[in-house]
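# Structural overview
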Amino acid sequence: MTEKEINETISNNLWTVRNNTFKLVQVKDKLKKKRLTQTEVGEAIKVTFQQIQKFEKGKNNIGSAKLKILADYFNIPVGDMYEPISTYYKEIRGDAWRD
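Residues numbered from 1 in each chain as written. Predicted model: local features only at pLDDT ≥ 70, side-chain atom pairs only at ≥ 80, totals over all residues. Heavy atoms only, no water.

### Section: the nonpolar core
Rules: Residues belong to a common nonpolar core when they are buried Ala, Val, Leu, Ile, Met, Phe, Trp, Tyr or Cys residues joined through side-chain atoms within 4.5 Å. Here's how the labels work: a residue is buried when its accessible area is under 20% of the maximum for its type, exposed when over 50%, partly exposed in between, all with a 1.4 Å probe on protein chains only. Under the DSSP-based scheme used, a helix requires at least four consecutive residues in state H or I and a strand at least two consecutive residues in state E, with every element numbered from the N terminus. Every residue pair with non-hydrogen atoms within 4.5 Å of one another is taken to be in contact.
The biggest cluster of nonpolar side chains holds 17 residues, and the ones touching the most others in it are Leu-14, Val-41, Ile-52, Ile-62, Leu-70, Phe-74 and Ile-76. At the level of elements, α1 (3–19), α2 (38–45), α3 (49–57) and α4 (64–74) are the ones that each hand at least two residues to this core. Top contributing element to this core by residue count: α4, with four residues. Those residues in contact with Leu-14 that lie beyond four places of it in its chain are Phe-55, Glu-56, Ile-62, Leu-70, Phe-74 and Met-81.

Structure (structure tokens):
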């Protein structure tokens, strides 16, 4: 793979993982699944939502340190970000889940 292909794969995978990762939120005494927003992911890794947008669109490359932080946040191996992801589904617990 060329460097360009690797960067495209990483940005596609970030989009796939974020859009298929859900948190549970409390809505009127019920729990509801909600997709993670770019803002939530950005806050978790200390960048703006605009930076997450740029990562997902491939306009900015993700440095190795941020890639490691993202992988840790999503609880996946860094190496998984380099291979195309066809399907991905994960739930993380939101603050509403806590007793």
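### As for the pairing of strand β1 (residues 21–27)
How we decide: At least two bridges found by DSSP between two strands is the condition for calling them paired.
The buried count for β1 comes to five of seven residues, which makes it a mostly enclosed element. Connecting β1 to the next strand, strand β2 (residues 30–35), in antiparallel fashion are two residues, including Lys-28 with a positive phi near 45°.

### Considering the pairing of β2
In the sheet, β1 pairs with β2 via six bridges, with the strands oriented antiparallel. In the strand pairing of β2, Leu-24 is matched with Lys-33.

### Overview of the environment of Lys-28
Position of Lys-28 relative to the elements: it lies in the loop between β1 and β2. When its relative accessible area of 77% is taken as the criterion, Lys-28 is described as exposed.

### What to know about α4
Convention followed: Within this analysis, the arc is defined by the directions that extend from the helix axis to the C-beta atoms.
All of the buried residues in α4 are Leu-67, Leu-70, Ala-71 and Phe-74. Looking down the long axis of α4, one finds its buried residues gathered within 100° of arc, a one-sided arrangement.

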